[in-house]
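Below are the chains, spelled out letter by letter.
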Amino acid sequence: MRRQFTGWPEQAMDVLWQLQGEPTHATREHYRADREHLVRQPMIALLNEVADTDPRYEDFSVWHYRTNSWWWQNQSAVIRLGRKIEIGLRFSLDGLRIQGAWWYPDPGHVDMFRKAVASEGSGRELSAIVEDLRKKGYDISGDVMKRPPRGYPTDHPRTEMLRHRSLIAARPLGCEEWLHTPEALDRVLSAAADLDDLLTWLVRHVKRTA
């Protein structure tokens, strides 16, 4: 069976190059059709193939261009795995980037997260997951308080994680020749597997409140 995703054409980079800086409205319109065909449509094809590998990946969105020039220069997409829990992909002149994120939390979500972090079993599990991702080259970030939250001891063994009000694990996948081939799908699936334990933990412990 023929795969629908064959990689981003090399001309996709040429289009994004023409859209750098602050392109005029006329420039954007001139390259709109090429950008749609060469940049956005391959991302859609990629995520359709990703969705075919696991039903959890079927809820995805591939963003349009909007008015800000950043959206023309970066093709972003998300795969939703839970409430405010998602895999994010971004294709740009820097190549392909992936992240697993829990962010923009609903009321009550941060408290749920902290209780799970403070709990001995689930907290140790998360710490091990995060450490493993760091070893694999993922940058761990998020909205982090300067001090430990009230109600938790300042010497808690997971005080660093307790300060998080969002949690993101991200890394660039690269900008090599494989971007222009079906191998890009394999790279994304491998990175999604890296992120699976983290996202599964978040789905399990940070639940919808309404």
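What you see is a predicted model, and the numbers here were worked out from it, not measured in a lab.

I'd love a proper account of the pattern of salt bridges, names of residues and values included.
One pass over the structure, following the stated rule, counts 16 salt bridges. The salt bridge involving Arg56 is made with Asp196; its shortest N-O contact spans 2.8 Å. Of the two residues, Arg56 is situated in the loop between α2 (25–53) and β1 (60–62) and Asp196 in helix α7 (residues 183–205); the sequence distance between them amounts to 140 residues. For Arg56, a relative accessible area of 37% puts it in the partly exposed group. For Asp196, a relative accessible area of 21% translates into the label partly exposed. Close ionic contact of Asp59 with Arg80 constitutes a salt bridge, the shortest N to O distance being 3.0 Å. Of this pair, Asp59 sits in the loop between α2 and β1 while Arg80 sits in strand β2 (residues 75–82); the two residues are 21 residues apart in sequence, bridging distant segments of the chain. According to the relative accessible area criterion, Arg80 is partly exposed, its value standing at 28%. What you see here is one network of salt bridges that share partners, running through Asp132, Lys136, Arg171 and Asp194.

Can you lay out the sheet that holds strand β3 (residues 85–92) for me, pointing to particular residues and giving the numbers?
Pairing is antiparallel in the open sheet, where 6 strands are placed in the order β1-β2-β3-β4-β6-β5. With partners counted over all chains shown, the strands left at the sheet margins are β1 and β5 (139–141), one partner each. Mean inter-strand twist for the sheet, computed between neighbouring axes without regard to direction, equals 15 degrees. In this structure, β2 lies alongside β3, joined through 7 bridges in antiparallel fashion. Each bridged residue has a counterpart across the sheet, and for Gly82 the counterpart in β3 is Ile85.

Parameters and conventions
Residue positions are counted from 1 within each chain, in the order its sequence is given. The model is predicted, so local features are restricted to residues of pLDDT at least 70 and side-chain atom pairs to those at 80 or more, both for listing and for counting; the totals for chains, interfaces and linings are taken over all residues. Each side-chain value is derived from all of the structure's non-hydrogen atoms; neither hydrogens nor water enter the calculation. When a carboxyl oxygen of Asp or Glu lies within 4 Å of a side-chain nitrogen of Lys or Arg, that pair is called a salt bridge. Only runs of H or I of at least four residues qualify as helices and only runs of E of at least two qualify as strands under DSSP, and these elements are numbered from the N terminus. Per-residue accessibility, obtained with a 1.4 Å probe over protein chains only, is compared with the maximum for each type, and a residue is labelled buried under 20%, exposed over 50%, and partly exposed between these values. Here, strands pair whenever DSSP counts at least two bridges between them. Note on definitions: angles span 0 to 180 degrees between N-to-C directions of axes, and those axes are lines fitted to C-alpha atoms, for helices only across the stretch in contact.

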